[in-house]
Amino acid sequence: MTTAQPQELDVQPTPLALLLLGREADPRSERGVECPGDLPSPSDPDLVARARAAKEKLGDKVFVLGHHYQRDEVIQFADVTGDSFKLARDAAARPEAEYIVFCGVHFMAESADILTSDDQKVVLPDLAAGCSMADMATAEQVAECWDVLTEAGIAEQVVPVSYMNSSADIKAFTGKHGGTICTSSNAQRALDWAFEQGEKVLFLPDQHLGRNTAVRDMGMSLEDCVLYNPHKPNGGLTAEELRAAKMILWRGHCSVHGRFSLDSVNDVRERIPGVNVLVHPECRHEVVAAADHVGSTEYIIKALEAAPAGSKWAIGTELNLVRRLANRFAPEGKEIVFLDKTVCFCSTMNRIDLPHLVWTLESLAEGTLVNRIEVDKETEAFAKLALERMLALP
């Protein structure tokens, strides 16, 4: 009996495979790096007291921003809470704060750095708090896409519109090519503006927000939209398909909102008679079409604030926020549940925990600047141009 010897295969791992294996790094990606320094133990019973003491020592020198999807243990130390763009604007409105501690993810901290003054320093408690959606569109991929549009003879007709949930590089590309940024609450206004400038839109990086806005809010058909896949030659599209399309959607999505399905909606309606289904527009098109209400994070909060006592709601967005809202409105008799049966936190948002926040605040209080997020000047200039176009929208 003989034993077959394993043969060595001459296979070279791709750059993406090396990234996924943790053997390489992409400095221009949203993917973070290991957090330097020694973090306090998460079981340290003094964490809350330590955070309070460090924040008190810093006083007006620090301004802590907390995104709605953050853990409660972190949110309690936020000076303001909100969605990504609101928080970036809040930071810009506090020029006296030397340190902006952004409890969110990487692209949000980049936006805050773009909108704040040069002498303000934006800090992200954990550099590994990235965004899977923002990771789905790199500067190199988008530049290649523009080459494809140019070869198809339509680049001059295309206006890029990039979601706020994108890297500074993508925002800069958008500004450089005459486009604008949008949020989940002003996407229709941004698209209306874009179609006044050109005949087609390249929507980055969330396909679902682009499709839902175009079809649900603006009356386009699904046939008006094509999906550009950066991992396929020419995006997986022919020149004829690109020329016929009005909306060229990037193949990206939110890993949280993309999990909700039509089955989730049907199941919750069976389990809770009379329930109102309220979802974020980053959800799939069939989920949005089946929902009773659709809107941004801020819209969801306001809708629940205005809801009558005794009403029932199933919410399709990140679980930290849904749980916080359920606890907040329970005394008013409002029943609020998560849309899906599967627990679904945003894994990268949850990287910002109390030990990281304590480490950050204590380091700053001792005069040590850590985890600064700084966008280079050229990228900042073009990204700011795109953001200013959004701010100028009617």
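Here is what the cut-offs are and how they apply
Residues numbered from 1 in each chain as written. Predicted model: local features only at pLDDT ≥ 70, side-chain atom pairs only at ≥ 80, totals over all residues. Heavy atoms only, no water. Helix = DSSP H or I, 4+ residues; strand = E, 2+ residues; numbered from the N terminus. Rg over C-alpha atoms; globule rule 2.2 N^0.38 Å. Buried < 20%, exposed > 50% of the residue type's maximum accessible area, 1.4 Å probe, protein only. Contact = heavy atoms within 4.5 Å. Areas by Shrake-Rupley, 256 points an atom, 1.4 Å probe, with all protein chains shown as cover. Lys, Arg positive; Asp, Glu negative; His and termini not counted. Charge placed at Lys NZ, Arg CZ, Asp CG, Glu CD. Pairing = 2+ DSSP bridges. Axes fitted to C-alpha atoms, helices over the stretch in contact; angles between N-to-C directions.

Draft legend 1. Up close: the overall build of the protein. For the protein, the count of helices and strands is 17 helices and 14 strands. For 394 residues, the compact-globule estimate of 2.2 N^0.38 gives 21 Å, and the C-alpha radius of gyration of the protein, at 22 Å, lies within 12% of that figure. The principal-axis extent of the C-alpha atoms belonging to the protein is close to 70 × 60 × 55 Å. Buried residues in the protein amount to 55% of all 394 residues. In the protein, of all internal contacts separated by at least 6 residues, the share reaching a separation of at least 24 is 68%. Accessible surface computed for the protein: about 17900 Å², of which carbon and sulfur atoms make up 49%. Of the charged side chains in the protein, 39 are positive and 59 negative, and the gap between their average positions amounts to 4 Å.

Draft legend 2. Molecular detail of the pairing of strand 1 (residues 62-67). By the criterion of burial, strand 1 is predominantly enclosed, with six of the six residues buried. Side-chain alternation along strand 1 places V62, V64 and G66 on one buried face and F63, L65 and H67 on a second face that is also buried. Relative to strand 3 (residues 99-103), strand 1 runs parallel, the two being bridged by five bridges. Its bridge partner being in strand 3, F63 is matched across the sheet by I100.

Draft legend 3. Geometry of the sheet that holds strand 3. Strand order in the open sheet made by the five strands is 2-1-3-4-14, with mixed pairing throughout. In this open sheet, the two edge strands, each paired with only one partner strand, are strand 2 (80-82) and strand 14 (372-373). Contacts from helix 16 (residues 354-365) reach strand 1, strand 3 and strand 4 (121-123), with the element oriented near 175 degrees to strand 3.

Draft legend 4. Fine view of unusual backbone geometry. For the bond from L204 to P205, the omega torsion is -20 degrees, close enough to zero to count as cis. As for its placement among the helices and strands, P205 is situated in the loop between strand 7 (200-204) and helix 10 (207-217). Positive phi, normally seen in glycine, also occurs at N234, with a value near 60 degrees. Mapping N234 onto the fold places it in the loop between strand 8 (225-228) and helix 11 (239-244). The partly exposed category is assigned to N234, whose relative accessible area is 40%.

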